[in-house]
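The chain contents come next:
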Amino acid sequence: MSKLKWFWTFIILFVALLGLAAFFQSDMLIYAASAIPILIVLALPDIKKYQYIRSAKNARNVAIYKQDSGEDTLIIIAFQPGFLRWKSSKLFFHLNDIREDSSTANSVFQGSGETVASIPVLSFDLAAHKRKTGWISIDLAQLEQRTTNLSYTTDEINRLVISMKDLEETALTMMSATTSSSKNKSISA
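Residues numbered from 1 in each chain as written. Predicted model: local features only at pLDDT ≥ 70, side-chain atom pairs only at ≥ 80, totals over all residues. Heavy atoms only, no water.

*Asks:* Can you walk me through the environment of Ser89 in this structure?
*Replies:* You can see Ser89 is positioned in the loop between β3 (72-79) and β4 (90-94). Taking the C-alpha atoms as reference, Ser89 lies 6.0 Å from Lys49; in sequence the two are 40 residues apart. If sequence neighbours within four positions are ignored, Ser89 has contacts with Lys49, Tyr50, Ile138, Asp139, Leu140 and Ala141. (Helix = DSSP H or I, 4+ residues; strand = E, 2+ residues; numbered from the N terminus. Contact = heavy atoms within 4.5 Å.)

*Asks:* Explain the packing of helix α1 (residues 3-24) against helix α2 (residues 27-42) here, please?
*Replies:* If you want to describe how two helices pack, look at the angle between their axes and the distance between the axes. Interaxial distance between α1 and α2 falls to 9 Å at its minimum, and their mutual angle equals 165°. When the interaxial angle is binned, α1 and α2 end up roughly antiparallel. Along this stretch, α1 crosses α2, giving a crossing that reads as left-handed. Contacts between α1 and α2 pair Lys3, Phe7, Phe10, Ile11, Leu13, Phe14, Leu17, Leu18, Leu20, Ala21 and Phe24 from the former with Leu29, Ile30, Ala32, Ala33, Ile36, Pro37, Leu39, Ile40 and Leu42 from the latter. Residue composition of the contact of α1 with α2, by class: 19 nonpolar, no polar and 1 charged. (Axes fitted to C-alpha atoms, helices over the stretch in contact; angles between N-to-C directions. Parallel < 35°, antiparallel > 145°, perpendicular 65-115°, else oblique. Left-handed = near helix turned anticlockwise from the far one by under 90°. Nonpolar A, V, L, I, M, F, W, Y, C, P; charged D, E, K, R; others polar.)

*Asks:* Explain α1 to me, please; I cannot follow it from the model alone.
*Replies:* Note: α-helices contain 3.6 residues per turn, so residues at a spacing of three or four share the same orientation. Under the 1.5 Å per step criterion, the end-to-end length of α1 is 31 Å for 22 residues, consistent within 8% with the ideal 32 Å. All of the buried residues in α1 are Phe7, Phe10, Leu17 and Ala21. Summarising the axial view, the buried residues of α1 lie within an arc of 95°, below the 170-degree limit, and thus occupy one face. Seen from the buried face of α1, the exposed residues on the opposite side, beyond 90 degrees, are Lys5, Ile12, Val15, Ala22 and Phe23. Considering only its buried residues, α1 is in contact with α2. Taken from the residues just after α1, Gln25 is the one with a positive phi, measuring 50°. (Expected span 1.5 Å × (residues − 1). Buried < 20%, exposed > 50% of the residue type's maximum accessible area, 1.4 Å probe, protein only. Arc of directions from axis to C-beta.)

Rendered as structure tokens:
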């Protein structure tokens, strides 16, 4: 059972015990209900485990755009220094947020006066979201581990570079997974 399900189960149990204690006017049920908040705290979901970015909501802090560099097309995620939470295990971005032009990147770096430090995102760093279609995750722990051999740190990185081929491969994996799950549902129905 996931943490979120345990959390809601303990909340319902707490409210039920308080209601029964008031109905039966029982001290024992109040004592039992007073122990439930400890379980609620233990079952609280970790909200900052993942970071979701949308270029429409954070237009001043992040830009996701396509850049043609001759034979290879790249997807660039440009962000303000300090915007990315490197302690999060995954960074999610939506495929619909990828823009064709790089003019939005200029607004992200406008006035920052800092040098641009990039890190490549490899194919094994990418994965499709299990439940939300269109969302792609980047494993930040692997990227952070890769920076140990570089001359700059994660605090200096303000661009993630993804090969379009790797992104298309991940998106195709996501599409094949959704079509196979819909076929399984139609077969079982």
